[in-house]
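Overview (structure and organization)
The lines below spell out each chain.
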Amino acid sequence: IAMWDTLFDIVFNYGDYEDMVPEYNQARKFTAEALGTCFLLMTVVGSGVMSSNLSGGSEGLALLGNTIPTGAILVVLIVWFGPISGAHLNPAVSLAFVIRQELGAKQFAFYLAAQISGAIAGVLIAHAMFGLPPIEMSSTNRSGNGQFLSEIIATFGLVGLILGTVKNRPDAVPYVVGLYITAAYWFTASTSFANPAVTLARSFTESFSGIRFSDVGLFIFAQIIGAVAATLLWEWLNRKTSS
């Protein structure tokens, strides 16, 4: 453990940067973000496989079986890893804190690497648990203007509610995020990916939760638009002006 901590302190030396959770070093934050995103993808993909197997061909029932575990695990993961890394588990959320100057560019790259690697690992582990090949490139078509708009809206809502809740009710963040994603699964045409790392990782599964690799870029672009728009709007809404 000491060698692991030392290696990360050498590679990621941000001595001049006071980040969001200063009491934990880089090794612990990286591990928290990677492990949290890994569990998120294990849940998304694993519940997708399980619900497909048990739904008897009903897509609505399969979606419900995918939705409830995903919303539930987000509550658990944010409570679990929030005190260590902030439990972003999502490059769009990390980007919002970069824009707000609460996360440095180097720290963002560090979080991004943890989130992507953890997400892909989660897909591999989910496949292993269900006896599937490690990687199955998805053929699920998620293209079109409706999907693009859905991801803008889904990510806009997610980032906006996180920024608002962190400021006003930080203790409620896990529950608000879990409930929002549960709802957004059903009110958006895209089933609310709202997470670039999750989107990329889900292209490696041919299960119910997959997305065709050629559609990944469109989703991530939409997610960036939604995250930036929500952050800028929140900054404007909370800007104090003289009466």
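The following refers to the structure shown.

Calculation rules
Residues numbered from 1 in each chain as written. Predicted model: local features only at pLDDT ≥ 70, side-chain atom pairs only at ≥ 80, totals over all residues. Heavy atoms only, no water. Helix = DSSP H or I, 4+ residues; strand = E, 2+ residues; numbered from the N terminus. Expected span 1.5 Å × (residues − 1). Buried < 20%, exposed > 50% of the residue type's maximum accessible area, 1.4 Å probe, protein only. Core = buried A, V, L, I, M, F, W, Y, C linked by side-chain atoms within 4.5 Å. Contact = heavy atoms within 4.5 Å. Axes fitted to C-alpha atoms, helices over the stretch in contact; angles between N-to-C directions. Parallel < 35°, antiparallel > 145°, perpendicular 65-115°, else oblique. Left-handed = near helix turned anticlockwise from the far one by under 90°. Nonpolar A, V, L, I, M, F, W, Y, C, P; charged D, E, K, R; others polar. Polar contact = N/O pair within 3.5 Å; in protein donor to acceptor, adjacent residues only side chain to side chain. Salt bridge = Lys/Arg side-chain N within 4 Å of Asp/Glu carboxyl O.

Its 29 residues place the ends of helix 2 (residues 26-54) 41 Å apart at the C-alpha level, agreeing with the 42 Å of an ideal helix rising 1.5 Å per residue. Burial analysis of helix 2 places 21 of its 29 residues in the buried class, which makes it a mostly covered element. Where helix 2 ends, the next residue or the one after it, G56, has phi of about 65°, a positive value.

This part takes up the environment of Q107. Considering the arrangement of structural elements, one finds Q107 in helix 5 (residues 105-129). For Q107, a relative accessible area of 1% translates into the label buried. Sequence spacing of Q107 and S94 is 13 residues, and the spatial spacing of their C-alpha atoms is 9.2 Å.

As a further point, take unusual backbone geometry. In this model, Q101 sits at a positive phi of 60°, which is unusual for a non-glycine residue. Among the structural elements, Q101 can be located in the loop between helix 4 (91-99) and helix 5. Look at A194: it is not a glycine, yet its phi comes out positive at around 55°. By the secondary structure assignment, A194 is in the loop between helix 7 (173-187) and helix 8 (196-202).

Let us look at the nonpolar core. Within the largest apolar cluster, 42 residues are counted, with the highest numbers of intra-cluster contacts made by L40, L41, L158 and V177. Among the secondary structure elements, those contributing two or more residues to this core are helix 2, helix 3 (59-85), helix 4, helix 5, helix 6 (145-168), helix 7, helix 8 and helix 9 (216-237). Sequence-distant contacts of L41, that is, excluding residues within four places in its chain, are made with G46, A119, G122, V123, V198, A201 and R202. F30, A34, Y111 and A114 belong to the second largest nonpolar core, which has five residues in total.

Moving on to the packing of helix 6 against helix 7. Running from N to C, helix 6 and helix 7 cross one another at 165°; their axes reach a closest spacing of 10 Å. Our classification of the angle between helix 6 and helix 7 gives roughly antiparallel. In this structure, helix 6 meets helix 7 at a crossing whose hand is right-handed. In contact with I153, A154, G157, L158, L161, I162, T165 and V166 of helix 6, helix 7 contributes V173, V176, V177, Y180, I181 and F187. Of the residues in the contact of helix 6 with helix 7, the class split is twelve nonpolar, two polar and no charged.

Relative to the assigned elements, M42 resides in helix 2. Distance from M42 to M129, taken between C-alpha atoms, is 9.3 Å for residues 87 residues apart in sequence. Aside from chain neighbours lying at most four places away, what touches M42 is S47, G122, I125, A126 and M129.

Turning our attention to the side chain of H88. Along the chain, H88 falls in the loop between helix 3 and helix 4. At a separation of 2.8 Å, a polar atom in the side chain of H88 contacts the side chain of S94.

This part is about the pattern of salt bridges. Tallying each qualifying case throughout the model produces four salt bridges. Across the pair R100 and E235 runs a salt bridge whose closest N-O atoms are separated by 2.6 Å. Of this pair, R100 sits in the loop between helix 4 and helix 5 while E235 sits in helix 9, placing them 135 residues apart in sequence. By relative accessible area, which is 33% here, E235 ends up partly exposed. For the salt bridge of R169 with D171, the shortest nitrogen-to-oxygen distance reads 3.2 Å. The class for R169 is partly exposed, based on a relative accessible area of 47%. Several salt bridges converge on common partners, so that one network encompasses R100, E102 and E235.

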